[in-house]
Amino acid sequence: MALTLDTPVTDRFRLTPPQRDALARLGIASVRDLLYHFPSRYGDAVASRSIDSLGKGDTAVIFGKITGLKASKGFKTKVAMADGTVEDETGRIHCVWFNQPYLASMTPEGAAVRIEGKVSERRGTGELYLSNPKIEVVNKLPTGVGDSLFGDEGAAHSLYPVYPESRGVSSAWIYHAVDKLFKSGILDGIDDPLPGHILVRYKLPSLRTALIWIHMPMKKEDAEAARKRFAFEEIFLIQLARQRARAAYRADPAFVIEPERRQVDEFVRRFPFEMTAAQRRAVDAILKDFGRGEAMARLLEGDVGSGKTAVAAAAAFAAITTPPSVVGANGARARQKFGSLQMAYMCPTEILAAQQFESFIRYFSYLPIRIALITSSGCRIFPSKVNPKGWTDISRSQLLSWIENGEIAAVVGTHALIQKAVRFKHLAFVVIDEQHRFGTKQRAKLVKKGDEGPGGGKASKGLSEDAKASENEGARQQARHPFPEEPFRPPVPHLLSMTATPIPRTLALTLYGDLDLTLLDESPAGRKPIVTEIVYPSKRDETYERIRQELREGRQAYVICPRIDEPDPDKEAAVVARSVKEEAARLKESVFPEYVIGILHGKMKPAEKDRAMKEFADGRIRILCSTSVVEVGVNVPNATVIVIEGAERFGLAQLHQLRGRVMRSSHQAYCYCFAEATSEKSVERLKALKTAKNGFELAEADMQQRGPGQLSGARQWGVSDLAMDALKNLRLVEAARAEAARLVDEDRSLSRYPSLAAGAASYGDTIHFE
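Throughout what follows, the structure given in this document is the object of discussion. Here the structure is a predicted model, which is why all the values come from computation and not from measurement.

**Describing the overall build of the protein**
Okay, so step 1: When helices and strands are counted, the protein shows 26 helices and 25 strands.
Okay, so step 2: In the protein, which comprises 770 residues, the proportion classed as buried is 52%.
Okay, so step 3: The contacts of the protein with a sequence gap of at least 6 include a subset with a gap of at least 24, amounting to 71%.
Okay, so step 4: For the protein, the exposed area adds up to about 35200 Å²; of that, 50% sits on carbon and sulfur atoms.

**Some thoughts on the environment of Lys140**
Okay, so step 1: For Lys140, the location among the structural elements is in the loop between strand S7 (134–137) and strand S8 (159–162).
Okay, so step 2: Distance from Lys140 to Gly64, taken between C-alpha atoms, is 9.6 Å for residues 76 residues apart in sequence.

**Some remarks on the side chain of Ser665**
Okay, so step 1: Structurally, Ser665 can be placed in the loop between helix H20 (652–659) and strand S25 (670–674).
Okay, so step 2: In this structure Ser665 comes out as buried when scored by relative accessible area, which is 13%.
Okay, so step 3: In this structure the side chain of Ser665 is engaged in a polar contact, spanning 3.3 Å, whose partner is the backbone oxygen of Pro637.
Okay, so step 4: A polar side-chain atom of Ser665 sits 3.2 Å from the main-chain amide nitrogen of His667.
Okay, so step 5: Those residues in contact with Ser665 that sit more than four places away from it in its chain are Arg527 and Pro637.

**Details of the packing of helix H5 (residues 171–183) against helix H7 (residues 207–215)**
Okay, so step 1: The interhelical angle for the contact between H5 and H7, taken along N-to-C directions, is 150°, at an axis separation of 11 Å. Judged on the interaxial angle alone, H7 and H5 are roughly antiparallel. As H5 packs across H7, the resulting crossing turns out to be left-handed. Of the residues in H7, those in contact with Tyr175, Val178 and Phe182 of H5 are Leu211, Ile212 and His215.

**Brief notes about the packing of helix H11 (residues 308–321) against helix H12 (residues 350–364)**
Okay, so step 1: Between H11 and H12, whose axes approach to 11 Å, the crossing angle comes to 55°. When the axes of H11 and H12 are compared, the pair comes out oblique. Remark: the crossing between H11 and H12 carries right-handed chirality. Across the interface between the two elements, Thr309, Ala310, Ala313, Ala316, Phe317 and Ile320 from H11 touch Gln356, Ser359, Phe360, Tyr363 and Phe364 from H12.
Okay, so step 2: Its residues placed into classes, the contact of H11 with H12 shows 8 nonpolar, 3 polar and no charged.

**Observations regarding helix H17 (residues 540–552)**
Okay, so step 1: The end-to-end C-alpha separation of H17 is 19 Å, in line with the 18 Å expected for 13 residues at 1.5 Å each.
Okay, so step 2: For H17, the full list of buried residues reads Arg540, Thr543, Tyr544, Ile547, Arg548, Glu550 and Leu551. Projected down its long axis, H17 shows its buried positions confined to an angular sector of 160°, all on one face. Across from the buried face of H17, at angles greater than 90 degrees, the exposed residues are Asp541 and Arg552.
Okay, so step 3: Those residues of H17 hidden inside the fold are in contact with strand S20 (531–535), strand S21 (556–560), helix H18 (580–591), strand S23 (623–626), strand S24 (639–645) and S25.
Okay, so step 4: Looking one or two places after H17, you find Gly554, whose phi comes out positive at around 95°.

**Re the sheet that holds S23**
Two orientations exist for strands paired in a sheet by backbone hydrogen bonds: parallel and antiparallel.
Okay, so step 1: Read from one edge of the open sheet, 6 strands run S20-S25-S24-S21-S23-S22, paired in parallel fashion. Edge positions in the open sheet fall to S20 and strand S22 (597–600), since each of these has one partner strand only. Across the sheet, the mean angle from the axis of one strand to that of its neighbour is 20°, orientation sign disregarded.
Okay, so step 2: Taken together, the 5 bridges between S20 and S25 define a ladder with parallel strand orientation. Across the sheet, residue Glu533 finds its bridge partner in S25, namely Tyr672.
Okay, so step 3: Relative to S22, H18 is tilted by about 175°, and along the sheet it contacts S21, S22, S23 and S24.

**Digging into unusual backbone geometry**
For residues besides glycine, phi is generally negative; the peptide bonds are generally trans as well.
Okay, so step 1: The linkage connecting Phe382 with the following residue, Pro383, adopts the cis geometry, with an omega of 0°.
Okay, so step 2: Assignment of secondary structure puts Pro383 in the loop between strand S14 (378–382) and strand S15 (392–394).
Okay, so step 3: For Lys203, which is not glycine, the phi torsion reads 55° and is therefore positive.
Okay, so step 4: Residue Lys203 is classed as exposed on the basis of its relative accessible area, which comes to 72%.
Okay, so step 5: Its identity as a non-glycine residue notwithstanding, Leu750 has a phi of 55°, on the positive side.
Okay, so step 6: Residue classification places Leu750 among the buried residues on the basis of a relative accessible area of 2%.

**Description of the pairing of strand S9 (residues 297–302)**
Okay, so step 1: Counted residue by residue, S9 has 6 buried out of 6 residues, so it is predominantly covered.
Okay, so step 2: Side chains of S9 alternate between two faces, with Ala297, Leu299 and Glu301 and Arg298, Leu300 and Gly302 buried alike.
Okay, so step 3: Relative to strand S18 (residues 494–499), S9 runs parallel, the two being bridged by 5 bridges. Bridging from a neighbouring strand, Leu300 pairs with Met498 of S18.
Okay, so step 4: In terms of strand pairing, S9 meets strand S19 (residues 516–520) through 5 bridges, oriented parallel. When the bridges of S19 are listed, Leu299 appears paired with Leu517.

**A closer look at the nonpolar core**
Side chains that are nonpolar tend, in soluble globular proteins, to be buried together.
Okay, so step 1: Grouped together as the largest cluster of nonpolar side chains are 94 residues, with contacts concentrated most on Leu35, Phe236 and Leu240.
Okay, so step 2: Ranked by residues supplied to this core, first place goes to helix H8 (residues 220–251) with 11 residues.
Okay, so step 3: Once residues within four sequence positions are removed from consideration, Leu35 is found in contact with Leu5, Val178, Leu181, Phe182, Ile186, Leu187, Leu211 and His215.

**A word on the pattern of salt bridges**
Where side chains of opposite charge bring their charged atoms close, a pairing between them can arise.
Okay, so step 1: The full count for this structure, using the stated rule, is 39 salt bridges.
Okay, so step 2: For Glu583, the salt bridge identified is with Arg586, shortest N-O distance 2.7 Å. Here Arg586 and Glu583 lie together in helix H18, a separation of 3 residues that amounts to about one turn.
Okay, so step 3: Overall, the relative accessible area of 3% leaves Glu583 in the buried class.
Okay, so step 4: What you see here is one network of salt bridges that share partners, running through Arg540, Arg578, Glu583, Arg586 and Glu645.

**Here we look at the sheet that holds strand S17 (residues 427–432)**
Okay, so step 1: The strand order across the open sheet built from 9 strands is S15-S14-S13-S16-S12-S17-S18-S9-S19, with neighbouring strands paired in mixed fashion. Lying at the two open borders of the sheet, with one neighbouring strand each, are S15 and S19. Strand-to-strand twist of the sheet, defined as the mean angle between neighbouring strand axes without regard to direction, takes the value 20°.
Okay, so step 2: With 5 bridges connecting them, strand S12 (residues 342–346) and S17 associate as parallel partners. In the strand pairing of S17, Gln342 is matched with Leu427.
Okay, so step 3: Against the sheet, helix H13 (residues 396–404) engages S12, strand S13 (371–375), S14, S15 and strand S16 (410–413), with an angle of about 130° to S13.

**A look at the packing of aromatic side chains**
Okay, so step 1: Overall, the coordinates contain 18 aromatic pairs when judged by the stated rule.
Okay, so step 2: A centroid spacing of 5.5 Å and a plane angle of 80° characterise the contact between Phe267 and Phe271, whose relative ring orientation is edge-to-face.
Okay, so step 3: According to the relative accessible area criterion, Phe267 is buried, its value standing at 1%.
Okay, so step 4: Residues Phe267 and Phe364 carry aromatic rings whose centres are separated by 5.1 Å and whose planes lie at 35° to one another, so their mutual orientation is tilted. Placement of Phe267 in helix H9 (residues 261–269) and of Phe364 in helix H12 is noted, with a sequence separation of 97 residues between them.

What counts and how
- Residues numbered from 1 in each chain as written.
- Predicted model: local features only at pLDDT ≥ 70, side-chain atom pairs only at ≥ 80, totals over all residues.
- Heavy atoms only, no water.
- Helix = DSSP H or I, 4+ residues; strand = E, 2+ residues; numbered from the N terminus.
- Buried < 20%, exposed > 50% of the residue type's maximum accessible area, 1.4 Å probe, protein only.
- Contact = heavy atoms within 4.5 Å.
- Areas by Shrake-Rupley, 256 points an atom, 1.4 Å probe, with all protein chains shown as cover.
- Polar contact = N/O pair within 3.5 Å; in protein donor to acceptor, adjacent residues only side chain to side chain.
- Axes fitted to C-alpha atoms, helices over the stretch in contact; angles between N-to-C directions.
- Parallel < 35°, antiparallel > 145°, perpendicular 65-115°, else oblique.
- Left-handed = near helix turned anticlockwise from the far one by under 90°.
- Nonpolar A, V, L, I, M, F, W, Y, C, P; charged D, E, K, R; others polar.
- Expected span 1.5 Å × (residues − 1).
- Arc of directions from axis to C-beta.
- Pairing = 2+ DSSP bridges.
- Core = buried A, V, L, I, M, F, W, Y, C linked by side-chain atoms within 4.5 Å.
- Salt bridge = Lys/Arg side-chain N within 4 Å of Asp/Glu carboxyl O.
- Phe/Tyr/Trp six-rings, centres within 6.5 Å; stacked < 30°, edge-to-face > 60°.

Functional significance is not addressed by these values, which are geometric in nature.
Here's what the structure looks like:
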C-alpha cells in the first residue's frame, strides 16, 4: 500500500500497546498528524557543560546517564519527590524533583538524559545538586559524552528537537519516526496549500522545506523560518474560513430595521443609570448595521460590569418595536406587511438565563410585549395573567406554540433555544451572551432559526401536516412579498455576540474574523476600581481580619478553591491544593465561626446549586466557598470580597473573570489572591493582575508573558500553540487577514486553489470558543 499523509501510523510503525496509547493521547493517528507534531523547542548540544565544570549558581545543560532514580518523601516536610544521580565522563551530580515523584516511574534506570537547571549547594556539606531541573530522555548522548545523538551528522547538526511527549513515546522516538518518514520520500509529492505569490511576498519557505527545517534544522534561523510559515498558514486558513463564512452570511437578505432614534433614546432614558460613551457608540454601530439591508454580525467585547446587557436591550427594543423593511434586487426598500419581529437571547447557564430574563422584564415591563424564558428546567412567561407585574411558569408546549405564532417578542434561554422544537415566526435579532462558551455550530443553529419557522417558507415534500403548513406559509409569504416578481428568500437574523472574557486584539481579529468588533472600554459612573492584593502565607491572618471587617459591615465574600475534595494521598501525581469542602470546614471551625458558610461546586445537583446560590443572594449565606463554577453568571451586588486560593494555578483571564464577581456595585470591592508559589514567573503574572487597568490590558499582558507551548491554544481556543504564540505578532495577523479577504473578494469558492479551499474548510467547524 502506497504511503500517504492519511496512512495510519499503526500501518507504518510497529507499535507496542503503551506506544499506541501514548500516540492517541498526543492526537497522532495518521502520518499527517506525526509530521505536524512539531517540536516545542530546540536544544543545542554545543551549549552543554561537563559535570566537573559546574559551580554554585550556574544554569547549565548537561548530558549523562541517570541511575538510582526513586520516589520518596521529605524527612521533615513529607513532600513527595523523585531523586537520582546523573553521571558523565567527568563526574556525578545529584538531582531532586519536588512534587514530581512520577518521574521515577517514567524514566528508565541507566537512560541517557538531558538535564537543564540551576546548580545549588547543600548547607553544611557543600555538595552541589540540581533542584527541579528539566529532564528529557534522549536516544543517544552528544559528541563528547559518548555516541552522538545524530550519528555521523553530529558535528554539523548540533540543534536537536524537543517534542511534546507522553508516557510510552519519548521525544527521541518521535524524532526518529519523523526521520524514517522523510527517508521514505513522503515529502516528494506533497501539495502546498499556500499560493506561490504569498510565499514570495512574505518570504516563506515551501511546505516541503518547512517540514524539514522544523524537524531537523541545521541552524536556529531555519527553525524560526519554518515556524513562521506554519503559524502564517494556520492563521491564514482560519481567516479564510471566517471570511468565507462572513461573505456567505451577508449574501442572504436581512430585515431592514430603521427605528426612530427619538424612541430609542426615550427607552434608554428609563435605565436607572446613564449610559457610558462606549455604550452609546455600541448602540449607534448596531443601529447602523440594522439599516444596511444585510445581516449584522458583530462581537461586543466588554469588561466585567461594563453594561453589555443594556446595549443588547436597546438593540432588542429597536428590533421588536420597529416595522421592518426589505430591500429589493434594485436596492428599493419597502415595508413588510406583517406585524412585529422577534428576538432571541441565548446564555450558557440557567443561572445567567434567569438573571437576563429578570433584566429584560425590568427594561420592557412598561411596554405591551411578552417575554419568555426557556431552559431545560422549565419555561416562564411575562406578564402573567394572574399577576401582570410578574412572571408565571408555563408549559413548554404552550410556550412553543406562542413562539411559533409570533406572539412572544423576546425569548431568553439556554441551549434549549436551539432544539428543533423551538421555531420562530419572524426572528430578526439574535444575542449570544458569553459567546466563547458556545461552538460555532451552536451559534449557527440559533441563527438558522430565522428561516425554519412558519415564516421561513421552507418548502418540503408534503409528507406531513407540518411540512404542508410550512409550504403553504411560504406561498403566503411570497404573496405578501413587497417585490412579488422576485423569489422570496427568508431573511436571516442580525447577530450580536457578547463576551466578558478579555481577548487580545490579534486573537479577536483571527478567531472572530467573521464578526465586526465593538469594545466597551469604560466602566459605569460611580464604579470604584477593585483593590487587588497578592497575599503570601505570612499575611494570611492579617487578611482574614480585613475580610472580617467587611463582613461586619454587612457584606459577603467568596472563597475560591482549585479542588472540590482533598487529593488522594496514595496518588503520586495528585495536585496538592486547597479544596472547597475542607476549606469551608476549616474556615467555619477556626477563622469565621460566627458566620454561615456555604459550598458550591460542579458535582452538586442542579437543585442543590440553585439553593446555595439563592441563599447566598438572599444573604443567608455570608461566605460562599466555591470552585470556579461562579466564574460566569453570578450576580450578587452585596458580595464585595473574593479570596482566590492557589491563585497561581489559575490563568490570568480566569482570575479576572472571578474578580469580576465582586465588581457589581458602587461599594469598594477587594480581591485577595492567596499564593503559595513564589517563583519569579508566578509573581510576575499576579502582579499583572494587580496593575492592569482593565481586562483588555490584562489579556495583552498574559499573551506577552507566556512562552511557546504555554498559551493553551488547542485546549481553549481550538488553534495550535504555534499559532497562538504567533498571535503576539500583529503584523503577521493583519497580513494573513488582508490576504484572506482579498482572495475571498475575488472568488468565495476558491476554485483556483482547491488545496486552499480544503484547508479552509477543515477550520470551518473546528474553531471553537469553549
